[in-house]
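Now for the letters of each chain:
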Amino acid sequence: MKIVTGTYLKGEELTTEGENFRITGVTEEVLANRDGSPGDTRFILALSGAKPLVLNKTNIRRLVSAFNSNESDEWIGKTIQLYLDPDVEFGGEVVGGIRLRAVPKAAKKAGKPTDEDAIPF
């Protein structure tokens, strides 16, 4: 992950292949507009090993779908994969941005076998 200055995670800090992060918290914050005035209230994901991620509507929908819950407290402790999607549009222009997805089961199971890995025969 490339380090870029700023408070929140930016797309240029990620690769198109993606990187896994554990969600350690979810908060709501009022973010400032570019002119310094108070802006909208946004959900912020705290992540292990990375700066916080400001969520947009698309990534919120993806979290709800990935974890089958719209209760953000239930996302804590779950692992997601963040990646740079060069096709993200904003204001009618292709600008690239952060997308997330559930971690594929094969990636979660890498390492020591668990009881879940047992073959039932």
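Whatever comes next refers back to the structure up there.
None of these values were measured; they are calculated from a predicted model.

S.K.: Can you break down the layout of surface pockets residue by residue, with the values?
M.R.: Estimated volume of the largest pocket: approximately 1,100 Å³. As for the largest pocket, its lining consists of 27 residues, of which L9, R42, V54, N56 and F90 are closest to the centre. Counting residues per element, the ones that place at least two in the lining of the largest pocket are strand 1 (19–32), strand 2 (38–47), strand 3 (50–54), helix 1 (57–67), strand 5 (89–90) and strand 7 (97–102). A class-by-class count of the residues in the lining of the largest pocket yields 10 nonpolar, 9 polar and 8 charged.

S.K.: So, the sheet that holds strand 4 (residues 79–85): which residues are in play, and what are the values?
M.R.: Spatial ordering of the open sheet is given by 3-2-1-4-7, a layout of 5 strands whose pairing is antiparallel. Of all the strands in the sheet, just strand 3 and strand 7 have a single pairing partner and so form its edges. On average, adjacent strands in this sheet sit at an angle of 40° to one another, irrespective of strand direction. Here strand 2 pairs with strand 3 via 3 bridges, running antiparallel. By the bridge assignment for strand 3, L47 is matched with A50. Helix 1 contacts strand 1, strand 2, strand 4 and strand 7 of the sheet and is inclined by roughly 10° relative to strand 7.

S.K.: Go over the environment of P104 with me, naming the residues and quoting the values.
M.R.: Structurally, the position occupied by P104 is in the loop between strand 7 and helix 2 (105–108). With a relative accessible area of 44%, P104 lands in the partly exposed category. Each C-alpha atom of the pair P104 and T79 lies 9.9 Å from the other, and the pair is 25 residues apart in sequence.

S.K.: Outline the pattern of salt bridges, listing residues and values.
M.R.: Applying the stated criterion across every chain yields a total of 1 salt bridge. We note a salt bridge from K51 to E13, for which the minimum N-O separation is 3.2 Å. Of the two residues, K51 is situated in strand 3 and E13 in the segment before strand 1; the sequence distance between them amounts to 38 residues. In this pair, the class of K51 matches that of E13, namely buried.

Calculation notes
Residues numbered from 1 in each chain as written. Predicted model: local features only at pLDDT ≥ 70, side-chain atom pairs only at ≥ 80, totals over all residues. Heavy atoms only, no water. 1 Å grid on protein atoms, 1.4 Å probe; cavity = no way out; pocket = protein on both sides within 12 Å on 5 of 7 lines; lining within 4 Å. Points joined across faces, edges and corners; volume = space filled by probe spheres on them. Helix = DSSP H or I, 4+ residues; strand = E, 2+ residues; numbered from the N terminus. Nonpolar A, V, L, I, M, F, W, Y, C, P; charged D, E, K, R; others polar. Pairing = 2+ DSSP bridges. Axes fitted to C-alpha atoms, helices over the stretch in contact; angles between N-to-C directions. Contact = heavy atoms within 4.5 Å. Buried < 20%, exposed > 50% of the residue type's maximum accessible area, 1.4 Å probe, protein only. Salt bridge = Lys/Arg side-chain N within 4 Å of Asp/Glu carboxyl O.

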